[in-house]
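Architecture at a glance
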Amino acid sequence: LEAQVLQPIQDPGEMGLTLPHAVAKVEVTSYYAPLFTAAFGSPVVTADRIARALAQFVRSMVTGQSKYDAAFAAGGPPNFAGTFTAQELQGFQLFTGPAGCARCHATDAQL
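Quick summary incoming for the structure in this document. All figures in this text were calculated on a predicted structure; none of them were measured in a lab.

Let's talk about the pattern of salt bridges
Scanning the entire structure with this criterion turns up 3 salt bridges. For the salt bridge of Arg59 with Glu2, the shortest nitrogen-to-oxygen distance reads 3.1 Å. Within this pair, whereas Arg59 is found in helix H4 (residues 47-60), its partner Glu2 is found in the segment before helix H1 (7-10), the two being separated by 57 residues in sequence. Since its relative accessible area comes to 44%, Arg59 is described here as partly exposed. Linking Glu88 and Lys67 is a salt bridge whose minimum nitrogen-to-oxygen distance equals 2.7 Å. Taken together, the residues Glu88 in helix H7 (residues 86-96) and Lys67 in helix H5 (residues 67-70) connect sequence positions 21 residues apart. Among the residues examined, Lys67 registers a relative accessible area of 36% and is labelled partly exposed.

So, the environment of Phe92
Relative to the helices and strands, Phe92 is located in helix H7. In sequence terms Phe92 and Ala73 are 19 residues apart; their C-alpha atoms lie 18 Å from each other.

A look at the packing of aromatic side chains
Overall, the coordinates contain 10 aromatic pairs when judged by the stated rule. Between Phe36 and Phe40, the aromatic rings sit 5.6 Å apart at their centres with planes inclined by 45 degrees, giving tilted as the arrangement. Of this pair, Phe36 and Phe40 are both found in helix H3 (residues 32-40), 4 residues apart, which corresponds to roughly one turn of the helix. Side by side, Phe36 and Phe40 carry an identical accessibility label, which is buried.

Things to note about the nonpolar core
In globular proteins that are soluble, nonpolar side chains generally tend to be buried together. The biggest cluster of nonpolar side chains holds 12 residues, and these are Val5, Leu6, Ile9, Leu17, Ala22, Val23, Val26, Phe36, Phe40, Val45, Ile50 and Ala51. Those elements that place two or more of their residues in this core are helix H2 (19-27), H3 and H4. When residues of this core are assigned to their parent elements, the largest contribution, 3 residues, is made by H2. One finds Tyr68, Phe80, Leu89 and Phe92 within the second-largest nonpolar core, a separate group that totals 6 residues.

Details of H4
The terminal C-alpha atoms of H4, which comprises 14 residues, lie 20 Å apart, in line with the 20 Å expected from a rise of 1.5 Å per residue. When we look at burial in H4, the residues that qualify are Arg49, Ile50, Ala51 and Ala55. At its buried positions, H4 is contacted by H1, H2 and H3.

Brief notes about the environment of Pro78
In this fold, Pro78 is placed in the loop between H5 and helix H6 (80-83). For the pair Pro78 and Tyr68, spaced 10 residues apart in the sequence, the C-alpha separation amounts to 8.7 Å.

Definitions and cut-offs
- Residues numbered from 1 in each chain as written.
- Predicted model: local features only at pLDDT ≥ 70, side-chain atom pairs only at ≥ 80, totals over all residues.
- Heavy atoms only, no water.
- Salt bridge = Lys/Arg side-chain N within 4 Å of Asp/Glu carboxyl O.
- Helix = DSSP H or I, 4+ residues; strand = E, 2+ residues; numbered from the N terminus.
- Buried < 20%, exposed > 50% of the residue type's maximum accessible area, 1.4 Å probe, protein only.
- Phe/Tyr/Trp six-rings, centres within 6.5 Å; stacked < 30°, edge-to-face > 60°.
- Core = buried A, V, L, I, M, F, W, Y, C linked by side-chain atoms within 4.5 Å.
- Expected span 1.5 Å × (residues − 1).
- Contact = heavy atoms within 4.5 Å.

Note that all results are geometric; they support no functional claim without further evidence.
This is how it looks when you write it as structure tokens:
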């Protein structure tokens, strides 16, 4: 998982950064120093630490009773329009349409 979470950072179709560039961006963002210190004992930013932090975040994600799940509750086709707010529906439409996210994140388990 630690290797996997670095792929979107480096992918030209997603963030398109080199790992050194990603590290540099995190280093200059002031709120990360105390977070890195709390997590790792020092504010030093490395690609390995970014990977470890992102992987731990992904491991903590648990779904169930989400609004996305609720859209399927009645059986039959999902009712996204009746479940999501207008802003959430717009985000879902971007995800599945012009933003192209669904090209890689195509299953219900990934939404």
